[in-house]
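Breakdown of the fold
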Amino acid sequence: MNNGKLTRDETVALLRKLSSDDAFRAVFEKDPAAALKEIGVSSGEIAALPPIEAATGPLPSKEQFQQALKEILEAGVSDHICMIF
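Numbering of residues starts from 1 in every chain and runs along the sequence as written. Thresholds applied to this predicted model are a pLDDT of at least 70 for local features of residues and 80 or more for the giving and counting of side-chain atom pairs; totals over whole chains, interfaces and linings are not thresholded and use all residues. Side-chain measures were taken over the full set of non-hydrogen atoms in the model, leaving aside hydrogen atoms and water.

1. Topic: the overall build of the protein
Under the DSSP-based scheme used, a helix requires at least four consecutive residues in state H or I and a strand at least two consecutive residues in state E, with every element numbered from the N terminus. Counting its regular elements, the protein contains five helices and zero strands. In sequence order, the secondary structure elements of the protein are arranged as α-α-α-α-α. Within the protein, buried positions represent 27% of all 85 residues. In this description, contact between two residues means that some pair of their heavy atoms is separated by no more than 4.5 Å. The long-range share in the protein, meaning contacts at least 24 apart out of those at least 6 apart in sequence, stands at 62%. For each residue, the accessible area found with a 1.4 Å probe, counting protein chains only, is set against the maximum for its type, and the residue is called buried under 20%, exposed over 50%, and partly exposed in between.

2. Quick look at the nonpolar core
Buried residues of nine kinds, namely Ala, Val, Leu, Ile, Met, Phe, Trp, Tyr and Cys, make up a nonpolar core once their side-chain atoms join them within 4.5 Å. By size, the foremost hydrophobic cluster in this structure holds 15 residues, and its most contacted members are L14, L18, F24, F28, L36 and I39. Considering every element that reaches this core, the biggest residue donor is helix α1 (residues 8–18), with four residues. Contact partners of L36, with chain neighbours within four places excluded, come to L6, L14, V41, I46, L49 and I52.

3. Details of the environment of D31
Summarising the element assignment, D31 is placed in the loop between α2 (22–30) and α3 (32–38). On the basis of relative accessible area, D31 is assigned to the partly exposed category, the value being 38%. Separated by 21 residues in sequence, D31 and I52 place their C-alpha atoms 9.7 Å apart.

4. Things to note about the side chain of S19
Mapped onto the secondary structure, S19 falls in the loop between α1 and α2. Residue classification places S19 among the buried positions, given a relative accessible area of 6%. Beyond its immediate chain neighbours, meaning those up to four positions away, S19 contacts K62, F65, Q66 and L69.

5. What about the packing of α1 against α2?
A fitted line through C-alpha atoms serves as each axis, taken over the contacting stretch for helices, and the angle formed by two N-to-C directions is quoted from 0 to 180°. Remark: α1 packs on α2, axes separated minimally by 8 Å, with the N-to-C direction vectors making an angle of 110°. In terms of orientation, α1 lies roughly perpendicular with respect to α2. Judged by residue contacts, L14, K17 and L18 of α1 engage F24, R25 and F28 from α2. The class makeup of the residues in the contact of α1 with α2 is four nonpolar, no polar and two charged. The labels follow the angle: roughly parallel below 35 degrees, roughly antiparallel above 145, roughly perpendicular from 65 to 115, and oblique for the rest. Three residue categories are used. Nonpolar comprises Ala, Val, Leu, Ile, Met, Phe, Trp, Tyr, Cys and Pro, charged comprises Asp, Glu, Lys and Arg, and polar comprises the others, including Gly.

6. Some remarks on the pattern of salt bridges
Just to be clear on terms, a salt bridge is a Lys or Arg side-chain nitrogen sitting within 4 Å of an Asp or Glu carboxyl oxygen. All chains considered together, the criterion is met by two salt bridges. With a shortest N-O distance of 2.8 Å, K62 and D22 are connected by a salt bridge. Pair noted here: K62 is in helix α5 (residues 62–84) and D22 is in helix α2, with a separation of 40 residues, a long-range link. For K62, a relative accessible area of 25% gives the class partly exposed. Looking at D22, the relative accessible area reads 52%, which means it is exposed.

Printed below as a string of structure tokens:
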């Protein structure tokens, strides 16, 4: 992790789980730190993240997380394509 942010790989892993895994989504709603540990984010990295506010409602839909995941994955591809030219 860099400067209180998840790495790209951690972000992708988080979005994959939030877009497809109901059990993970339930854990994330109740205890985001435990959910982040579940995907391999260390305690030190979690401590460096900005505080996660308690959710006032349910998480956004799986489809919204799927769209965010798609955007991140496509952004990575466009970065690599630009380097080829």
